[in-house]
Amino acid sequence: MPPRLFRRGPVVALIFGTSAFGGAAYRWLKPSSSLNPHDFTPYTLIDKQRVSSTSSVFTLRHSEDAASPESISEVWKRGVWSLQVKQPQLQIARAYTPLPPKPETHGEDGDDVDDIRLLIRQEQGGEVSTYLHRLPDLSTIELRGPHVECELPQDVKEVIFLAGGTGIAPAMQVAQALGQAAGTRMSVLWANRRREECVGGVGDVVPTGDVQNNSRGWKNLFGLMGQSPAQMPAGAIAHETSRSEKGVIVQELEALKTQSKARSNGLEVQYYVDEDKTFIKASDVATRLQAQNKNEGGSKIILVSGPEGFIEYWAGKKVWTGGREVQGPLGGVLGQMDLNGWRVIKL
Ligand SMILES: Cc1cc2nc3c(=O)[nH]c(=O)nc-3n(C[C@H](O)[C@H](O)[C@H](O)COP(=O)(O)OP(=O)(O)OC[C@H]3O[C@@H](n4cnc5c(N)ncnc54)[C@H](O)[C@@H]3O)c2cc1C
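Remember, it's a predicted structure, so these values are computed and weren't measured experimentally. In every chain, residue numbers begin from 1 and rise along the written sequence. Residue-level local features of this predicted model are given only where pLDDT is at least 70; pairs of side-chain atoms are given and counted only at 80 or more, and the full residue set underlies all totals for whole chains, interfaces and linings. Hydrogens and waters are ignored; side-chain quantities use all the structure's heavy atoms.

**Student:** Please provide a residue-by-residue account of the sheet that holds strand β8 (residues 185–192), values included.
**Tutor:** Two strands are said to pair when DSSP picks up at least two bridges between them. Each helix corresponds to a stretch of at least 4 residues labelled H or I by DSSP, and each strand to a stretch of at least 2 residues labelled E; elements are numbered beginning at the N terminus. Within the open sheet, the five strands sit side by side as β11-β8-β7-β12-β15. Their pairing is parallel. The outermost strands of the open sheet, each flanked by one partner alone, are β11 (267–273) and β15 (343–346). When the angles between neighbouring strand axes are averaged without regard to direction, this sheet yields 15°. Across the face of the sheet, helix α6 (residues 248–263) comes into contact with β8 and β11 while running at roughly 160° to β11. Against the sheet, helix α8 (residues 308–315) makes contact with β7 (156–164), β8, β12 (299–305) and β15, and its axis sits at roughly 140° relative to β12, the strand it touches most. For helices, the axis comes from a line fit to the C-alpha atoms of the stretch in contact; other axes are also lines fit to C-alpha atoms, and the angle between any two N-to-C directions lies between 0 and 180 degrees. Every residue pair with non-hydrogen atoms within 4.5 Å of one another is taken to be in contact.

Encoded structure:
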């Protein structure tokens, strides 16, 4: 049975009993004034917005309202990055993936562009995520980073992103980066166990066959919108009418789509929900590989992010070597497909 977790973050255990560790202990304990990868910097929890019964978006502001360092604007252009969050009682830390700033926030009212926003799922029995979910507003949360997880090649043109659960956060980072680059195009295939994570999310592509059998062809690939409800399959209509409200992340994905339409060749998002019996299939990936292969030149990348079992199913296990987690051989479903030059990256 695949592990049900999002891949677990590096655990930083603190045992600072000896003088050899004195300097490190001091660094750990002494709060830093500007966000950096070495020391923890205090932020204030200014908002916790519920996404579902298990996940929320945490908004954190620098405790002295300082602007984000240059390193943050740099990493937003480069690809996928994370920050570590400290659990001070246990002296452990976990990695989380900042969401792009909300498109409507430009330092005016409400959220600030320098605020850090994290989508955090509360893992059952999870030390840090449970601690964070229990914190009241205005609590201090210490952050360290940024840490680049994956740098996009300069010439990237096409991305297919397979996201499971909170694996949507890195997908949104990539969408934000690609949305600024002319001639790029991205498809996000987002799978969730429960609909509550993506309420109101209707994919850009409506399968022309049965909702559960989407291998029979696709319409609307890359924003060729316009299918009326009468043309939609019954299952899709049922969803449409029962979802008058849009979830927090769905709204943000739609904003990213609008944003990317202005500068790039567009962002397509497709939603899959276990409890609705819609699952990402190899044919969904193959369709997009073919559609995007028509574009000549530039790097083409498939990114896979989510729970360990999700990554393993699609691309095979990551492996540990020399104390570092590395990509490992390509396996899983993608390992058996003809990828025609597309590179796969496991996050
Ligand atoms: C680069 C990166 C980015 C990430 N980004 C995000 C993000 O944006 N959002 C997000 O929600 N998560 C993200 N994660 C995952 C996150 O770092 C944590 O791993 C996650 O929040 C769980 O941490 P925890 O301390 O709450 O749980 P842990 O205490 O690590 O426990 C995790 C689970 O394992 C179980 N468990 C613990 N110990 C044992 C044991 N001995 N035996 C059996 N089961 C056990 C617990 O019950 C729990 O269900 C990211 C991870 C990485 C590496």
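**Student:** Summarise the packing of aromatic side chains; cite the residues concerned and give the values.
**Tutor:** Within 6.5 Å between ring centres, the rings of Phe, Tyr and Trp (the latter by its six-membered ring) count as paired, and their orientation is classed by plane angle as stacked under 30 degrees, edge-to-face over 60, tilted in between. Applying the stated criterion across every chain yields a total of three aromatic pairs. When the centroid spacing of 5.1 Å and the interplanar angle of 90° are considered together, the rings of Trp-76 and Trp-81 count as edge-to-face. Residues Trp-76 and Trp-81 agree in their burial class; the two are buried. Each residue gets one of three labels from its accessible area relative to the maximum for its type: buried under 20%, exposed over 50%, partly exposed in between, using a 1.4 Å probe on protein chains only.

**Student:** Which residues make up the UniProt feature "binding site: FAD" (unreviewed entry) in the protein chain, and what values go with them?
**Tutor:** UniProt positions are given in the numbering used here, feature names are shortened, and annotations may be inferred rather than shown by experiment. The UniProt record annotates "binding site: FAD" (unreviewed entry) at Arg-94, Tyr-96, Leu-119, Val-128 and Ser-129. Taking the farthest pair of C-alpha atoms as the criterion, the annotated set spanning 36 residues converges on one region, since that pair is 13.4 Å apart. Of the annotated set named above, Leu-119 line the second largest cavity. Following the sequence through the fold, Arg-94 ends up in strand β4 (residues 92–96). Beyond its immediate chain neighbours, meaning those up to four positions away, Ser-129 contacts Tyr-96, Ile-120, Arg-121, Gln-122 and Glu-123. A 3.5 Å cut-off defines polar contacts: any pair of N or O atoms within that distance qualifies, except that in protein one atom must be a possible hydrogen donor and the other a possible acceptor, and neighbouring residues in sequence count only when both atoms are side-chain atoms. Within the structure, the side chain of Ser-129 is placed 3.0 Å from the backbone nitrogen of Glu-123, a separation counted as a polar contact. Definitions used throughout: a 1 Å grid over protein atoms alone; a cavity as a set of points that fits a 1.4 Å probe which cannot get out; a pocket as an open set with protein on both sides within 12 Å along at least five of seven lines; a lining residue as one with an atom within 4 Å of a point.

**Student:** Tell me about α8, and name the residues and values.
**Tutor:** Within α8 the residues assigned to the buried category are Gly-309, Phe-310, Ile-311, Trp-314 and Ala-315. Trailing α8 by a residue or two, Gly-316 shows a phi angle of about 85°, which is positive.

**Student:** Break down the pairing of strand β1 (residues 41–50) for me, with residues and values.
**Tutor:** Pairing analysis gives four bridges linking β1 to strand β6 (residues 140–151), with the strands arranged antiparallel. Residue Tyr-43 lies in a different strand from β6, and its bridge partner there is Ile-141. Relative to strand β2 (residues 55–62), β1 is paired through seven bridges, and the arrangement is antiparallel. Bridging from a neighbouring strand, Gln-49 pairs with Val-57 of β2. With antiparallel pairing between neighbouring strands as the criterion, β1 and β2 make up a hairpin whose turn holds four residues.

**Student:** Lay out the environment of Lys-281 with the relevant residues and their values.
**Tutor:** Mapped onto the elements of the fold, Lys-281 is located in the loop between β11 and α7 (282–293). For the pair Lys-281 and Val-333, spaced 52 residues apart in sequence, the C-alpha separation works out to 9.1 Å.

**Student:** Could you give an account of empty space enclosed by the protein, naming the residues involved and the relevant values?
**Tutor:** Grid points are joined across faces, edges and corners, and a volume is the space filled by probe spheres set on the points. Tallied over the full model, the rule gives three cavities of 30 Å³ or more. Each pocket or cavity is described by its volume, and for the second largest cavity that value is around 50 Å³. Elements with a minimum of two residues in the lining of the second largest cavity: β5 (116–121) and β8. Any residue that is not Ala, Val, Leu, Ile, Met, Phe, Trp, Tyr, Cys, Pro, Asp, Glu, Lys or Arg is counted as polar, Gly included; the first ten are nonpolar and the last four charged. Considered class by class, the residues forming the lining of the second largest cavity number five nonpolar, four polar and two charged. Of the domains in this structure, domain 1 (36–148) and domain 2 (152–346) are the two that each give at least three residues to the lining of the second largest cavity. All domain edges in this entry derive from an automatic or database-based domain assignment.

**Student:** Outline the pairing of β12, supporting the account with residue identities and numerical values.
**Tutor:** Counting buried positions along β12 yields seven of seven residues, so the element is predominantly enclosed. Examined bridge by bridge, β12 and β15 share four bridges and lie parallel to one another. For Ile-301, the partnering residue across the bridge sits in β15 and is Arg-343.

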